[in-house]
Amino acid sequence: MTVFSHEAFADHEQVVFVSDEAAGLKALIAIHDTALGPALGGCRMYPYADEEAALRDVLRLSRGMTYKAAASGLDLGGGKAVIIGDPRNQKTPALLRAMGRAVERLAGRYITAEDVGTTVADFAEVRKATRHVVGLPVELGGTGDPSPTTALGVFYGLAAATRHRWGAESLSGLHVAVQGLGNVGWHLCRLLHEAGASLTVSDVDGSLAAKAVATFAARTVAPEAIYAVDAEIFAPCAMGAVLDDETASRLRCGIVGGAANNQLASEDHGEVLRSRGILYLPDFVINAGGMIRVASERDGYDPDLVDRGVQGIGRTLLAILRSAEADGIPTQAAALRLAQARLAQARGGRAALAA
Ligand code: NAI
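Residues numbered from 1 in each chain as written. Predicted model: local features only at pLDDT ≥ 70, side-chain atom pairs only at ≥ 80, totals over all residues. Heavy atoms only, no water.

(A) Focus on the domain arrangement of the protein chain. Domain boundaries in the protein chain define domain 1 (14–140) and domain 2 (147–314). Between domain 1 and domain 2, the C-alpha centre-to-centre distance is 25 Å. Contacts between the two partners involve 20 residues from domain 1 and, on the opposite side, 15 residues from domain 2. In this assembly, domain 1 packs against domain 2 so that about 1500 Å² is buried in total across both faces, 63% of it on carbon and sulfur atoms. Here domain 1 is connected to domain 2 by zero salt bridges. Where domain 1 touches domain 2, the interface holds three residue pairs in polar contact (both at pLDDT 80 or more). (Domains from an automatic or database assignment. Contact = heavy atoms within 4.5 Å. Buried area = accessible area lost by both parts, 1.4 Å probe. Salt bridge = Lys/Arg side-chain N within 4 Å of Asp/Glu carboxyl O. Polar contact = N/O pair within 3.5 Å; in protein donor to acceptor, adjacent residues only side chain to side chain.)

(B) Seen up close, the site of the ligand. The environment of the ligand is formed by 22 residues, the closest being T150, N183, V184, D203 and A238. Within the contact set of the ligand, a nitrogen atom lies 3.2 Å away from a side-chain nitrogen or oxygen of S147. Contact with the protein chains covers 78% of the free accessible surface of the ligand, which is 830 Å². Among the elements of the structure, α4 (147–166) and α5 (183–194) are those that each provide at least two residues to the shell around the ligand. Of the residues that constitute the shell around the ligand, the class distribution is 10 nonpolar, nine polar and three charged. (Near = heavy atom within 4 Å. Areas by Shrake-Rupley, 256 points an atom, 1.4 Å probe, with all protein chains shown as cover. Helix = DSSP H or I, 4+ residues; strand = E, 2+ residues; numbered from the N terminus. Nonpolar A, V, L, I, M, F, W, Y, C, P; charged D, E, K, R; others polar.)

(C) Layout of the packing of α5 against helix α6 (residues 206–216). Look at α5 against α6: their axes get within 11 Å of each other, and the N-to-C directions meet at 20°. In this view, α5 runs roughly parallel relative to α6, as classed from their interaxial angle. Two packed elements cross with a definite hand, and for α5 against α6 that hand is right-handed. Seen from α5, the contacting residues are W186, C189, R190 and H193; seen from α6, they are L208, K211, A212, T215 and F216. (Axes fitted to C-alpha atoms, helices over the stretch in contact; angles between N-to-C directions. Parallel < 35°, antiparallel > 145°, perpendicular 65-115°, else oblique. Left-handed = near helix turned anticlockwise from the far one by under 90°.)

(D) Just the pairing of strand β2 (residues 25–33), in detail. Among the nine residues that make up β2, eight are buried, leaving the element largely enclosed by the rest of the structure. Summarising the sheet, strand β1 (residues 14–20) and β2 pair through seven bridges and their orientation is antiparallel. Across the sheet, residue V15 finds its bridge partner in β2, namely A30. Turn length for the β1-β2 hairpin, with the two strands adjacent in sequence and antiparallel, is four residues, and the turn residue G24 shows positive phi of about 70°. Bridge count for β2 against strand β5 (residues 77–84) is six bridges, and the pairing is antiparallel. Bridge assignment links D33 to a residue of β5, and that residue is G78. (Buried < 20%, exposed > 50% of the residue type's maximum accessible area, 1.4 Å probe, protein only. Pairing = 2+ DSSP bridges.)

Below, the structure written as structure tokens:
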């Protein structure tokens with residue numbers, strides 16, 4: 001396994017390999033970039049097939065967090081942690097506290113939070129060993145589950161893109177295909193249903209799909225069939241890398257926008273979607289709502305301020321869509337350009353201070 005020459009290394013500032021045998025912990029913490037501030041990113045627990053798969057995931061995810069913070073105007077850097085293990089039977093209080101100690105050793109350069117395979121309640125345990133945690137339960141002074149706010153940001157983003165593309169004043173009457181009915185997907189379905197959109201949904205967990213039929217009058221399709229649903233919008237809210245050559249060729253929607261991280265299997269797929277006339281809403285911009293909410297814990301949570309920040313996702317997306325159109329480039333490339341410009345400005349400022 002290589003690290004520095006790994007194809008996803010992308011100039012990470014620091015990669016930490018954590019081992020605590022007594023607690024059964026094997027984890028990786030990646031700090032991609034702290035030009036804008038301390039690196040914030042969730043801690044995922046997943047039964048990775050091997051260490052290489054865990055490394056690849058943490059490197060890709062932490063880089064994404066850098067761009068997410070930069071594009072959202074937050075003074076934070078990008079980082080991520082992954083615990084190698086099955087959250088269903090290997091997650092123990094001792095393991096969570098050991099993870100907390102590893103985070104504490106980084107002295108604030110990395111701030112952790114919940115992610116796939118970990119819960120807000122788990123972080124009450126992590127918190128016993130480190131102060132550098134956000135997304136804590138409300139009773140511990142945190143803002144609780146960030147998923148509803150992530151869903152709200154996706155909703156604002158879809159509304160802005162719909163206005164941009166079709167001049168539609170609302171999402172009422174539109175048909176949206178939602179992949180994944182977990183924490184974010186479910187809240188998004190609720191918002192879309194309340195706004196008058198019709199829904200087709202899929203989840204590998206059939207009971208969730210059945211519940212969506214009953215709650216939102218949704219239609220349901222098998223997981224593989226969701227890509228080819230004839231709908232205005234496709235909203236991926238499950239796993240990453242779902243947009244590849246095969247799935248992109250089956251899409252029949254006009255807009256792709258959802259919560260999942262790293263939706264494009266490779267950056268080239270931004271161009272694949274553009275050439276098919278599909279408006280792709282860059283994931284790290286549209287799914288930043290949760291990050292905006294948990295980041296607010298550091299300065300004292302103010303719901304109005306957070307709501308204004310989350311509404312800003314729609315405005316940022318519009319600026320990105322317009323600049324991509326003006327320059328004839330994929331929306332993903334335009335979003336990266338915006339984030340990189342902010343990072344370059346921060347680095348320039350830092351270099352000037354050091355001089
Ligand atoms: P979750 O784990 O609660 O939900 C994911 C859902 O997708 C589950 O119900 C699962 O059964 C389903 N699923 C898995 N594979 C599937 C497939 N092939 N087809 C259909 N359904 C499938 O996760 P959560 O929190 O809702 O997050 C969803 C995505 O959004 C993840 O990629 C996550 O990284 C990303 N995200 C989440 C944020 C949050 O605030 N929770 C913030 C930013 C990004």
